[in-house]
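# Structural features, examined
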Amino acid sequence: MISSLVGFALAALVFPSLTSRFGPRMFAIAALVPATVFVWLLIQIPAVTRGETPAELYPWIPQLDLALAFRLDALSLTMALIVTGVGALVVLYCARYFRRAEDGLGRFSGVLLAFAGAMFGLVVSDDIFVLFMFWEATSVFSYLLIGQYTAKRKSRGAALQALLVTTAGGLAMLVGVVILAVESGTTRVSEIVANPPQASGLVTVAVLLVLVGALSKSAQVPLHFWLPSAMAAPTPVSAYLHAAAMVKAGIFLIALLVPAFGDTPGWRPLLVGVGILTMLVGGWRALRQHDLKLLLAYGTVSQLGFLTVVVGYGTRNAALAGITLVTGHALFKATLFLVVGIIDNRLGTRDLRRISGLGRQAPLLAIVATLAAASMAGIPPLLGFVAKEAAFTALLEDAEHGAPLGLVALVGVALGSVLTVAYTARFLWGAFAAKPGVEPAEFVHEHVDFLVSPAVLALASLGLGLASPLLDHLFALYADTVAHGRPTAPDAAHLALWHGLEPALGISAITLVLGLALFAARTRVSAIQGRVPSWIDSARGYSRIVHLVDRGAVRLTRVTQTGSLPVYVATILVVLVAAVGTALALVGELPGSFRLWDSPAQLPIAIVMGVATIAAARAQKRFMAVVLVGVTGYGMAALFALQGAADLALTQALVETVTLVTFVLVLRRLPSAIGHDHGRRHRVVRAVIGAAVGILMATVAVVALGSRIAEPISLQLPELAYEGGHGRNVVNVLLVDIRGWDTLGELSVLVVAATGVASLVFLSRRSDDMPRLGPDTARPRWFAKRTHMAEAPIEATASAGTTPDGAAPSQENANQRTPWLLAGKTLAPENRSIILDVVVRLLFHSAIIVSVYLLFAGHNVPGGGFAGGLVAGLAFVARYLAAGRFELGEAAPVDAGKLLGFGVLFAGGTALVPVFFGVDALTSTWFEAELPVIGHIEFVTSTLFDVGVYLVVVGLALDILRSLGAEIDRQQEEDHDGESTDGDGLPRAHEVNSLSHTPAAPSPDAQKSTESSTR
């Protein structure tokens, strides 16, 4: 089973690229994935019917009793066969439904296969939390499938509506699942069902919460409106998700839990009442539809109500009828949706008022649709008839034994069946009958294989109806687990096409006659329906709720989001003081003594930090304020060093340096001076808040340090780091070994932060387009035309393709070697320091080597992937500061976003490698060897994880330089493009500095050169 899930996952990743390249033909190959799993499931039927239960168990989080547990019993096997069998035929159908490689078709194929895998995982999961994960995954994938046509507002709205409704129910379900797991003492579904927790009010609430999730997923009133809206999806999605898969998830969950909780107070009344109401509402609304697809959608709502009543009724015979009805419904409803897809595909319309005479033009299609419709209406010898008669028999027997609810359920489903027959007749008449006054449809006959999938499903309905006694061997195994009925021999029903002349057969006949009569009186019925008030509409209620939420959010935003940063910061700080101050007041006892310092050297450092803090608060220039704030960071690094924390000191100093550079880059877009009113308004309030926060944090530090009453566990970390992580640098071992999962999460935060920074700067793109100055790379317009500049005109013009006089370059110039300091020439002479450029180029490679040394030596000495990545990042910062964005492009010709992603994947991949060797993730080992020249070496595998950290940090530094540095430079160049060139496109006498918002003043030599060139 786990291999099947892996197969679905791999197929979902691979097929999008193939489908986008080869078009719809790839669906025929993609169908082999669910078909293969379907064949494997067929092979398991003999074992399951013998009473065996194939199971797989892979421990996941033993501390929480979570495991990847899967099992195949009669119920899960039946559902898995439906999911994979119908899924394979629907995927195959897509090969003809989509006529060409449409936009997003590759994504559609991947999501469809991913949904099939998630649905398969849901029905075979034996861990209740893993089941819930697959449950939510189906909601997400269905959202993507329903919203396939992203350009259509209706499609996007329907997808969002389905997602909100099903996930809201899933949230309630999660609470119930947690309670059941805690009360049962296990997360295994099979154990919870076999030994349910003792009945109590809490358990009852949990069960009802789970039912809320099931009813929302299966589109029960009043949450049924999302399913008709979902018909905006492509027809294959409707045939799979809304006939055989997703909407069956709630029914499956009810069937799964009914053996254990069928006697829970409120279970039967809730399911019977909601199910009957849903069946009647859906059937009534189906009679009003002119769109064939909407007609089937409301019919699906009606049938789901029928399933809810029968499956949730809680007797052995009802359970047998329920699982049969689930199978029959998947077959006939998927068939009918696929038939509608063919009609729409070949006629260009689904409006039954515009379709006439199609039965004569497409007789095979009409026969397939008639078989499926007959099964839906409950006509022998189709499987739908067998299921409906079994349901009537079960409810009738329970009513005869004195159960009032059985009589209510029987009457309700009988009335619903009358509506079912009526809208079934309406469908066949609307799709295939000849209508007076309507032009005959022009049906396009092509590709007989388009009919293969619906024909197979229709024939399956017929074949399984005739062979229903064979199904009884499998379905009865599930029915016998429902212990609330009377599974004794005389009362135990069995599946058969003919049970003789019995009351259930008479009820079926009556529903057929009344349904056909209702269809015959369709004109009068339509008039009656038109008089029903239209305000009874759940969809309108949903729209009103969403509208109220939107309006409330807008009003709340107006009040709270004033646009004032000081107000936001003050609010946060006041809440901090109030919350933490209250907690400190409740402590009631402060430490009796405390130390002012551990070393006399701490005092001058603290004084410098304090003076810098006060000066930063009084600074009038932004740059000065940033530098003064940085002093406090470097002071903290000094305190770490005094305490012997060399690794922390190194990391703090590097982080402070990178932060300072980032601030400087951002300040280029801000005025140099702080606002005139800054510090003048509300000075007393600001001072009070600042003083309160300072006193609070000092008090917290004193209380926290003085509250320790036991020996700290940190004293054992050096020994644990060496023996467990085989390293002497405690900090690095903690990050990449002991707390590896936390580090992996922090890497994800870094990637999100980098993406957020880039999104604030890049308005219409996210791709890395760092400029390069290679010989085949075009220069920027202002650089290529500045062939008269005093600095090395030959080198610049050789790369640009012209000589200073405008003639073609000579062979000597064309073959000239690229200068070593190339990118620096893109700066104006007055903004360039050749000494700095040379020094940076000389030291750059040494800095990279030092960063690599810190990476690999950090397990035993100060350093590690984080520190090494910061050193490498600062090396790139120096290249950028020395020669601008073109130099950065030459120094780092990589995509920063891809480097970030690869770093996270590499770290996560190395974390998962130990799993394939039978141990927990992030388990490390080490290797020792004696090499000829080098001597004794040791290598710890967690260093590979640290390599991923290194790559992420370097990628983050490059992304910040690319967005806050190079992109802002480019924007400034565009802002000054009109000013920096004259009418002929030649540069005027100024250039934009890479680190200054103000254009650089021209030098006299540059002015003379410009004048000469202009002449």
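Refer to the structure printed above.
In what follows, the accompanying structure is described. The structure presented is a predicted model; accordingly, all values stated were derived computationally and were not measured. (Residues numbered from 1 in each chain as written. Predicted model: local features only at pLDDT ≥ 70, side-chain atom pairs only at ≥ 80, totals over all residues. Heavy atoms only, no water.)

### Some points on the pattern of salt bridges
Tallied over the full model, the rule gives 14 salt bridges. Ionic pairing is found between R96 and D449, a salt bridge with its closest N-O pair at 3.1 Å. A residue pair is termed long-range when its members are at least 10 positions apart, and R96 in helix α4 (residues 74-97) and D449 in the loop between α19 (404-432) and α20 (452-466) qualify at 353 residues. Note that E746 and R739 form a salt bridge whose closest N and O atoms lie 3.8 Å from each other. Since its relative accessible area comes to 40%, E746 is described here as partly exposed. (Salt bridge = Lys/Arg side-chain N within 4 Å of Asp/Glu carboxyl O. Helix = DSSP H or I, 4+ residues; strand = E, 2+ residues; numbered from the N terminus. Buried < 20%, exposed > 50% of the residue type's maximum accessible area, 1.4 Å probe, protein only.)

### With respect to the packing of aromatic side chains
The tally for this structure, following the rule as stated, stands at 12 aromatic pairs. Centroid distance Y93 to Y97: 5.9 Å. Interplanar angle 25°. Geometry classified as stacked. Separated by 4 residues within a single helix, Y93 and Y97 lie in helix α4, roughly one turn from each other. Between the aromatic rings of F98 and F108, the centroid separation amounts to 5.2 Å while the plane-to-plane angle is 65°, which identifies the pairing as edge-to-face. Remark: F108 occurs in helix α5 (residues 105-124) and F98 occurs in the loop between α4 and α5; sequence separation between them is 10 residues. For F98, a relative accessible area of 2% corresponds to the buried category. An aromatic cluster is present here, built from F27, Y93, Y97, F98, F108 and F450 joined pairwise through their rings. Directly above the aromatic system of W429 lies the positively charged group of K435, at a separation of 5.0 Å from the ring centroid. (Phe/Tyr/Trp six-rings, centres within 6.5 Å; stacked < 30°, edge-to-face > 60°. Lys NZ or Arg CZ within 6 Å of the ring centre and 35° of its normal.)

### Here we look at unusual backbone geometry
Here the amide bond leading from V221 into P222 is cis, since omega sits at 10°, within 30 degrees of zero. Structurally, P222 is set in the loop between α9 (201-217) and α10 (226-229). With an omega of 5°, the peptide bond between P380 and P381 qualifies as cis. Tracing the backbone shows P381 in the loop between α17 (363-377) and α18 (383-400). Of note in the backbone geometry, A219 takes a positive phi value of approximately 55° without being a glycine.

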